[in-house]
Amino acid sequence: MHRVYIVRHGERIDHVDRSWKTGSDLPDDPFLTVRGLKQAHDLAVRLKDANVTHIFCSPFYRCIQTANETAKLISVPIKLEHGAGEFLSSRWFSKYRLWRQYSGVHPQY
């Protein structure tokens, strides 16, 4: 039997700090807070023994940060699925930028 886990990203910075855009390289794409990174790590630990074979992820930074914790722990590449994002902009999403930052992003998906 196959299972599909649908997961929302961890807590994002714009929900706790309205000034976060100041000095951000990605002012339209909020990142995770320290709490959000802890949530992502806790999720990875929870899924560690769940036999996850694929990780599909929205190209939003916070989503990749969340998925990356599980990808690192179970050694499964992240497959960016642009259709999972609620808004797409080629200006925001560059696979090249994401490959450089997260080695877990699958380059051919």
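Numbers given to residues run from 1 along each chain, matching the order in which its sequence is written. At least 70 in pLDDT is required for a residue's local features to be given in this predicted model, at least 80 for side-chain atom pairs to be given and counted, and no such filter applies to totals for whole chains, interfaces and linings, which use all residues. Each side-chain value is worked out from all heavy atoms of the structure, with water and hydrogens disregarded.

Focus on the overall build of the protein
Here comes step 1: What the protein contains, in helices and strands, is 3 helices and 2 strands.
Here comes step 2: Walking the protein from its N terminus toward its C terminus, one meets helices and strands in the order α-β-α-β-α.
Here comes step 3: Here's how the labels work: a residue is buried when its accessible area is under 20% of the maximum for its type, exposed when over 50%, partly exposed in between, all with a 1.4 Å probe on protein chains only. Within the protein, the fraction of its 109 residues that count as buried is 44%.
Here comes step 4: Taking as baseline every contact in the protein between residues at least 6 positions apart, the subset at least 24 positions apart corresponds to 54%. In this description a helix means any DSSP run of H or I spanning at least four residues, a strand means any run of E spanning at least two, and both kinds are numbered starting from the N terminus. Residues count as neighbours in contact if any of their non-hydrogen atoms are within 4.5 Å of one another.

Structural notes on the confidence of the model for the protein
Here comes step 1: Per-residue confidence from the predictor is reported as pLDDT, a score between 0 and 100. Averaged over all residues, the pLDDT of the protein is 85; the fraction at 70 or higher stands at 79%.
Here comes step 2: Mean pLDDT values for the elements of the protein range from 60 in helix α3 (residues 95-101) up to 97 in helix α1 (residues 34-47).

Concerning the packing of aromatic side chains
Here comes step 1: Planes of paired rings set the category: under 30 degrees apart is stacked, over 60 is edge-to-face and the rest tilted, where pairs are Phe, Tyr or Trp rings (Trp by its six-membered ring) whose centres lie within 6.5 Å. One pass over the structure, following the stated rule, counts 1 aromatic pair.
Here comes step 2: Ring centres 5.9 Å apart and planes at 80 degrees place the aromatic pair W20 and F31 in the edge-to-face group. Placement of W20 in the segment before α1 and of F31 in the segment before α1 is noted, with a sequence separation of 11 residues between them.

Notes on the pattern of salt bridges
Here comes step 1: Counted as salt bridges are all cases of a side-chain nitrogen of Lys or Arg within 4 Å of a carboxyl oxygen of Asp or Glu. Considering all chains together, one arrives at 5 salt bridges under this definition.
Here comes step 2: In this structure, R62 engages D29 in a salt bridge whose closest nitrogen and oxygen atoms are separated by 3.4 Å. Of this pair, R62 sits in helix α2 (residues 61-74) while D29 is found in the segment before α1, placing the two residues 33 residues apart along the sequence.
Here comes step 3: Judged by its relative accessible area of 4%, R62 falls in the buried class.

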